[in-house]
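What the coordinates show
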Amino acid sequence: MTSARKLIESTYFIIFLNLLALIFWNFHVTVFSYIIYLLLFIIIVIVKANRIVLTTIILVSIINFRVVQSPDYINVYINNTKIFIPLTIIALMFAAYDFYKRKKVIVYKNEIFYGLIAILIASLLSSINATNATLLLIIIGILQTLAYVLIFFYVLNIKDENSQNYLAKSILILGVTIALQLIIHYQKIGLIGAHDINWGISNSISMFYLALIPVGMYLYFLNQKRFYILLINGFFFLMMLFMLSRGSYFTTIILLIPFFITSLLIVKSKKQYLLHLMLASIICLSVGAVILWKFDLFSVIIEYFKTISLDGSGRKEIYLYGLSLFKEYPLFGAGAYSGAYYLRQAGLEVSTYHNYLIHALASTGIIGFAAFLYYLITVFKNLISRNVFNICLLFSVLALVIQGLVDNSFFSPIFSVYLALLLPLVNKKAKNIVLVNRVD
């Protein structure tokens, strides 16, 4: 059992889980993948491995997530709910058993955690305005928010002094897996095709890379001998650029110089850092230029930039409709996750409002908007410090804050789960209750 535990806690197991995710994604066996993840969770508990390994399972499950594109999306939601609720109940039962068996100190007081609970309460209150058409969607929205709360709470209670390094490593490998997904996708449809890999399209993929890069850089900041980490993050940046996302470009323009200046203050050897940056930039730009030349993509990119306009994305119509819903349901909103119904009824083929502020107002009203602002304030309050990990995660959150003004960020399952995994690791003020002072 000891050898099995060591293997599960190793980098090899992170790679194994990502390869599994890649296989499951490629063969479109989403439901089967979650059953396997549940079994692996049970095995981790049985062999008494470090529970932080579970964060990798949750991370790879993100890239198995499938966005509903079918016109008959309500039935798709119903079928998914029938499958995932039993799996979730089983997982919660094992998690509860794990807490009881380990009898560790339970951490319960955390400002960010309170912010998430406030959002959950606002989601519950939004059900006041449920209709027959939106009730199921609102229930799904509430259950999703509850899942984020439970993930945050669980990570808050299983973290240790190595959790930041482990999760940063897992995120770095996840970024590589996403790149492999894109390569496989391009082999099937060609580089000029849509950047749609089911769990995300160009905007969400590019935003995910922008969020991953600062956390991935944390490992380089810890040890500047790891040039390969800087190089990998350089390729992530290249992939982000290749997504042709206006929101990501705008976010990059705002954050690139502040992150560069901050990183100069963090690193021990500025000379080595600048040398590594120059070398990584030359390698990444050369690879990018070869790809553009070989597949004749220069004309495609030039044409893309020619078509860029402030009103060409259709966002204005979405925002105005979201604000109209807020005026109709000002206090509690039209209902958590109800945008998937209302936006389609308005003839808009989207499921979110592509702006977290309007999303909060339209879905959960003034109550939900206040809850979200409280959550966001507590996040920044905890992240602004001299701790290197906190600083890296701060830039990750800033990327979601900025691009989320034109895309779906904080109310997306992808980024909500991502934050629920990482934010517990920056907990600075927590009160402990000792139930039984005994560990495995």
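For the structure, check the block above.
Summarised in this report is the structure supplied together with it. (Residues numbered from 1 in each chain as written. Predicted model: local features only at pLDDT ≥ 70, side-chain atom pairs only at ≥ 80, totals over all residues. Heavy atoms only, no water.)

So, about a nonpolar patch on the surface. On the surface, Ile 85, Ile 89, Leu 92, Met 93, Leu 135, Ile 139, Leu 143, Leu 146 and Leu 150 cluster together to form a nonpolar patch covering roughly 730 Å² of accessible area. Residue assignment for the nonpolar patch shows that the elements contributing at least two residues are helix H5 (73–102) and helix H7 (135–158). In terms of residue count, H7 provides more of the nonpolar patch than any other element does, 5 residues in total. Tracing the backbone through its elements, the reader meets Met 93 in helix H5. (Patch = residues over 30% accessible without salt bridge, like charges linked within 9 Å, V, L, I, M, F, W, Y side chains within 5 Å. Areas by Shrake-Rupley, 256 points an atom, 1.4 Å probe, with all protein chains shown as cover. Salt bridge = Lys/Arg side-chain N within 4 Å of Asp/Glu carboxyl O. Helix = DSSP H or I, 4+ residues; strand = E, 2+ residues; numbered from the N terminus.)

Next up on the list: the pattern of salt bridges. Going through the model one piece at a time under the given rule, you end up with 2 salt bridges. A salt bridge links Glu 111 to Lys 381; the nearest nitrogen and oxygen atoms lie 3.0 Å apart. With a gap of 270 residues between them, Glu 111 in helix H6 (residues 111–126) and Lys 381 in helix H16 (residues 356–383) connect regions that are remote in the sequence. Of the residues examined, Lys 381 reaches a relative accessible area of 46% and is grouped as partly exposed. (Buried < 20%, exposed > 50% of the residue type's maximum accessible area, 1.4 Å probe, protein only.)

Once that is clear, we can look at the side chain of Ser 263. Tracing the chain through its elements places Ser 263 in helix H11 (residues 246–266). Ser 263 gets classed as buried once you look at its relative accessible area, which sits at 1%. Of the polar contacts made by the side chain of Ser 263, one reaches the backbone oxygen of Phe 260; its length is 2.6 Å. Aside from chain neighbours lying at most four places away, what touches Ser 263 is Phe 221 and Tyr 273. (Polar contact = N/O pair within 3.5 Å; in protein donor to acceptor, adjacent residues only side chain to side chain. Contact = heavy atoms within 4.5 Å.)

This part covers helix H17 (residues 388–403). Taking 1.5 Å as the rise per residue, H17 with 16 residues should run 22 Å; its terminal C-alpha atoms sit 23 Å apart, in good agreement. Taken across its 16 residues, H17 has 14 buried, putting it largely inside the fold. A distance of 3.0 Å separates the backbone nitrogen of Phe 389 from a side-chain oxygen at the start of H17, and that oxygen is part of Asn 387. (Expected span 1.5 Å × (residues − 1).)

Right, let's get into the nonpolar core. For soluble globular proteins, the rule of thumb is that nonpolar side chains tend to be buried together. Counting residues in each nonpolar core, the largest one holds 121 residues, and the members touching the most others are Ile 178, Phe 208, Tyr 209, Tyr 375, Phe 410 and Leu 423. Among the elements that make up this core, the one with the highest residue count is helix H9 (residues 202–222) (14 residues). Apart from residues no more than four positions distant in its own chain, Ile 178 is found in contact with Ile 63, Ile 197, Trp 199, Ile 205, Phe 208, Tyr 209 and Leu 212. (Core = buried A, V, L, I, M, F, W, Y, C linked by side-chain atoms within 4.5 Å.)

We now examine the side chain of Ser 163. Mapped onto the fold, Ser 163 is located in helix H8 (residues 163–189). There is a polar contact of 2.7 Å between the side chain of Ser 163 and the backbone nitrogen of Asp 160. Setting aside its immediate chain neighbours within four residues, Ser 163 contacts Ile 52 and Leu 425.

A word on H9. When the terminal C-alpha atoms of H9 are compared, their 31 Å separation across 21 residues agrees well with the 30 Å that a helix rising 1.5 Å per residue should span. Among the 21 residues of H9, 19 are classified as buried, and the element is accordingly described as predominantly covered.

On to the packing of H7 against helix H18 (residues 413–422), then. Packed helix pairs are characterised by how far apart their axes lie and by the angle those axes make with each other. Contact geometry of H7 with H18 gives a least axis separation of 8 Å together with a crossing angle of 20°. For the element pair H7 / H18, the angle class is roughly parallel. Considering how the two elements wind past one another, H7 and H18 form a crossing that is right-handed. Contacts between H7 and H18 involve Gln 144, Tyr 148, Ile 151, Phe 152 and Val 155 from the former and Pro 413, Ser 416, Val 417, Ala 420 and Leu 421 from the latter. In terms of residue class, the contact of H7 with H18 is built from 8 nonpolar, 2 polar and no charged. (Axes fitted to C-alpha atoms, helices over the stretch in contact; angles between N-to-C directions. Parallel < 35°, antiparallel > 145°, perpendicular 65-115°, else oblique. Left-handed = near helix turned anticlockwise from the far one by under 90°. Nonpolar A, V, L, I, M, F, W, Y, C, P; charged D, E, K, R; others polar.)

With that settled, consider the packing of H8 against helix H10 (residues 227–242). Where H8 contacts H10, the two axes come as close as 10 Å, and the packing angle between them is 45°. It follows that H8 is oblique to H10 by the angle criterion. Crossing handedness for the pair H8 and H10: left-handed. Here Leu 172, Gly 175, Val 176, Ala 179, Leu 182 and Tyr 186 of H8 come into contact with H10, specifically with Ile 229, Ile 232, Asn 233, Phe 236, Met 239 and Phe 242. Its residues placed into classes, the contact of H8 with H10 shows 10 nonpolar, 2 polar and no charged.

That is the geometry; function is a separate question.
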